[in-house]
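# Secondary and tertiary structure notes
Read off the chains here:
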Amino acid sequence: MRRRQFLKSTIASSIALLSAGSLSAKSLKLRALIKGQPLTNFTPITVNDGKAVLNIEQTEIVLSKDGSPTEVWNYSSGYGNMFDVFEGDNLEITMNNQLPEATTVHWHGIDVPADQDGDAHGVFDTETTRTVNFSIPQASAGSYWFHPHPHMRTAFQVAQGLAAPFIVRSKDDPIAALGIRDIPLFFTAPMLDGNLQIAEQTMSEQMNGRSGNVVLVNGQYLPVLDAKNGETLRLRLFNASNGRFLRLSFSDSEIVQIGTDGGLLVSPLSPASTILLAPAERAEVLVRFEAETTLTALTYEKGFMGGMMMGGTPAESKDVDVMSVQVSGDTIAPIDIPTTLRAIEQFGDAVVTRQFTLSENMGMSVSGMTMDFMINGKTFDMNRIDFTAKQGEIEMWEIINKTDMDHPFHIHGNQFQIVSITENCEETPFPFLCWKDTVNTKKGQTVRLKLQQNQVGNRMFHCHILEHEDLGMMGQYEVVA
Ligand code: C2O
Ligand code: CU
Ligand code: CU
């Protein structure tokens, strides 16, 4: 929905919410969903001589026990396809837009030339084709993903199902050398209606982000992952939801984090019982399964606007099971986790410091409630370049959250290093060195990070709650030589 439409439809929808509520609409019955199927693995998209074809299409998946289809939009025939390539690979991807509207394909987190990156400027129309070329930078192995980015349609198109993993591997990976299984867990949080169709966006979702009424893993509801007793798995966790915060926990296993958005850490973190992934964040973890285990998304306090009047409580206010792990066979001994994973060079002193203040503005006007999500007091404008930066220069960015909720801040074209987090006037250095392209900022926090853009061109930065991005919490800048 465009912003103007949003303003107009607001009165009507608030009245509808207050009076009829959801009484008339058939609401989702979770027991109608197929569950307990073996977890599906993603299939690598064929890359021949560096060339790949990506069909962007309307298709169907079956979530319902009665076999009735759920209409989704997807990349190359249904859920379950991903890019799986190596550092240094040269790619030429031909994308066929078979959707009823224009789209773009953004290579989230990968340092590709700005004009090949399919941001809001890379739109190509329905029934047309676009070919992009880029090479995967050396030393960039990590768990990336791709999704649409047309301004004001991003939240809608991703909610329809357009998002998939983009794994970049290294030929020299100490975890791959262990020979353990490497499994992507790609989380989405669709909002399904009573007919198991993707529901229309509500006002509450525009304010808070769509956190859905179900959490799917690799497109499946409550799938089962089969493991050997005592098996250690490398799991790549992707939060590909529009706006759901996932605080994940395995009932009977600890999580050893070994990687972030941009790949492996310098060394593994201490075992933990939970891991938080804000929308768009990824993590690589090692988990050893010694008993039947449930993966649960635990409650998380993200700051929620509107309350009952605007459409109930946030999805993150209760624990939700998302997958189970079954173990069988003789017990496998624990593996020796390497203590050194790779080298990461810490950025030196920044040449420039920039501030990005996140704010929100809600008010009433004659046409209903108005809402803006802003960066430095402005909403996004396709024709405005917010500033210019120099290629290769190290910059310090300070993300200052002056709103009432969490916003995961994302920058295109690079991986950054988090320097510190300031809360209640107390600055805490970030505890470990890692590569990130998305960082959560909580209400009242200031997050400092350092980055460097290696290539010239236009780059965007925005909140990765996609509804906020569409409502204007985005900017763009020009990197010059
Ligand atoms: Cu994943 Cu600009 O986005
Ligand atoms: Cu991105
Ligand atoms: Cu936001």
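Our subject in this report is the structure included herewith.

The rules behind these values
- Residues numbered from 1 in each chain as written.
- Chains lettered and ligands numbered in written order.
- Predicted model: local features only at pLDDT ≥ 70, side-chain atom pairs only at ≥ 80, totals over all residues.
- Heavy atoms only, no water.
- Helix = DSSP H or I, 4+ residues; strand = E, 2+ residues; numbered from the N terminus.
- Rg over C-alpha atoms; globule rule 2.2 N^0.38 Å.
- Buried < 20%, exposed > 50% of the residue type's maximum accessible area, 1.4 Å probe, protein only.
- Contact = heavy atoms within 4.5 Å.
- Areas by Shrake-Rupley, 256 points an atom, 1.4 Å probe, with all protein chains shown as cover.
- Lys, Arg positive; Asp, Glu negative; His and termini not counted.
- Charge placed at Lys NZ, Arg CZ, Asp CG, Glu CD.
- Pairing = 2+ DSSP bridges.
- Donors = N, O, S within 2.8 Å, 3.2 Å for Na, K, Ca; no water.
- Axes fitted to C-alpha atoms, helices over the stretch in contact; angles between N-to-C directions.
- Patch = residues over 30% accessible without salt bridge, like charges linked within 9 Å, V, L, I, M, F, W, Y side chains within 5 Å.
- Salt bridge = Lys/Arg side-chain N within 4 Å of Asp/Glu carboxyl O.
- Phe/Tyr/Trp six-rings, centres within 6.5 Å; stacked < 30°, edge-to-face > 60°.
- Lys NZ or Arg CZ within 6 Å of the ring centre and 35° of its normal.

### Considerations on the overall build of the chain
Across its full length, the chain carries four helices and 32 strands. The C-alpha atoms of the chain give 22 Å as radius of gyration, which agrees with the globular expectation for 481 residues (23 Å, within 12%). Structurally, the chain occupies a C-alpha span of about 65 × 60 × 50 Å along its principal axes. Here the chain holds 481 residues, and the buried ones make up 57% of them. Sequence separation of at least 24 residues holds for 78% of the intrachain contacts in the chain that already meet a minimum separation of 6. For the chain, the accessible area works out to roughly 19,400 Å², and carbon and sulfur atoms hold 50% of it. Across the chain, 37 positive and 56 negative side-chain charges occur, with their mean positions spaced 4 Å apart.

### Remarks on the pairing of strand E24 (residues 387-390)
Successive residues of a regular strand alternate their side chains across the two faces of the sheet. The alternating pattern of E24 places Phe387 and Ala389 on a buried face and Thr388 and Lys390 on a face that is not buried. In the sheet, E24 pairs with strand E32 (residues 474-480) via four bridges, with the strands oriented parallel. If you follow Phe387 over to E32, its bridge partner there is Tyr477.

### Describing the environment of Met460
Mapped onto the elements of the fold, Met460 is located in strand E31 (residues 457-463). Residue class for Met460 comes out buried when judged on its relative accessible area of 0%. In this structure, the C-alpha to C-alpha distance between Met460 and Gln98, residues 362 residues apart in sequence, is 26 Å. In this view, Met460 contacts Asp119, Ala120, His121, His149, Phe380, His410, Ile411, His412, Met474, Gly475 and Gln476; residues no more than four positions away in its chain are not counted.

### Here's the deal with the sheet that holds strand E17 (residues 263-264)
Spatially, seven strands are ordered E12-E11-E10-E14-E19-E16-E17 in an open sheet, and the strand pairing comes out mixed. This sheet does not close on itself; its edge strands, each paired only once, are strand E12 (220-221) and E17. Note: strand E16 (residues 255-260) against E17, two bridges, orientation antiparallel. Across the sheet, Thr260 pairs through a bridge with Gly263, a residue of E17.

### Side note on unusual backbone geometry
Located in the positive-phi region is Glu127, a residue other than glycine, with phi close to 65 degrees. As for its position among the elements, Glu127 is in the loop between strand E6 (106-108) and strand E7 (129-135). You will see that Ala280, though not glycine, has its phi angle at about 85 degrees, which is positive. Looking at where Ala280 falls in the secondary structure, it is placed in the loop between strand E18 (275-277) and strand E19 (282-289).

### Here we look at the coordination of the copper ion (ligand 2)
Distances from the copper ion (ligand 2) to its protein donors, namely His106 (NE2) and His410 (NE2), fall within the range 1.9 Å. In this pair, His106 sits in strand E6 while His410 sits in strand E26 (residues 407-411), placing the two residues 304 residues apart along the sequence. As far as the burial class goes, His106 and His410 line up, both buried.

### Digging into the sheet that holds strand E3 (residues 69-75)
To summarise the sheet geometry, strands pair through backbone hydrogen bonds and adopt either a parallel or an antiparallel arrangement. With mixed pairing, four strands are arranged side by side in an open sheet as E3-E2-E5-E7. Strands with a single pairing partner mark the edges of an open sheet, and in this sheet they are E3 and E7. Ignoring which end each strand starts from, the neighbouring axes of this sheet average 25 degrees apart. Where strand E2 (residues 51-62) and strand E5 (residues 90-97) come together, six bridges link them in parallel fashion.

### Looking at a positive patch on the surface
Taken together, Lys26, Lys29, Arg31, Lys35 and Lys65 make up a surface patch of like positive charges. Tracing the backbone through its elements, the reader meets Lys35 in the loop between helix H1 (3-19) and strand E1 (43-44). In this structure Lys35 comes out as exposed when scored by relative accessible area, which is 53%.

### Digging into the packing of aromatic side chains
With the rule as written, the count across this model stands at 29 aromatic pairs. For the ring pair Phe83 and Trp107, a centre distance of 6.0 Å and an interplane angle of 75 degrees mean the geometry is edge-to-face. With a gap of 24 residues between them, Phe83 in strand E4 (residues 81-86) and Trp107 in strand E6 connect regions that are remote in the sequence. According to the relative accessible area criterion, Trp107 is buried, its value standing at 0%. Cluster of aromatic residues (ring-pair linked, three or more members): Tyr75, Phe83, Trp107, Phe134, Phe146 and Phe166. The ring of Phe156 is capped by Arg153, whose NZ or CZ atom sits 4.0 Å from the centre of that ring.

### Re the pairing of strand E28 (residues 426-429)
Across four bridges, strand E27 (residues 417-423) lies against E28 in antiparallel orientation. When the sheet's bridge partners are listed, Thr422 is paired in E28 with Glu427.

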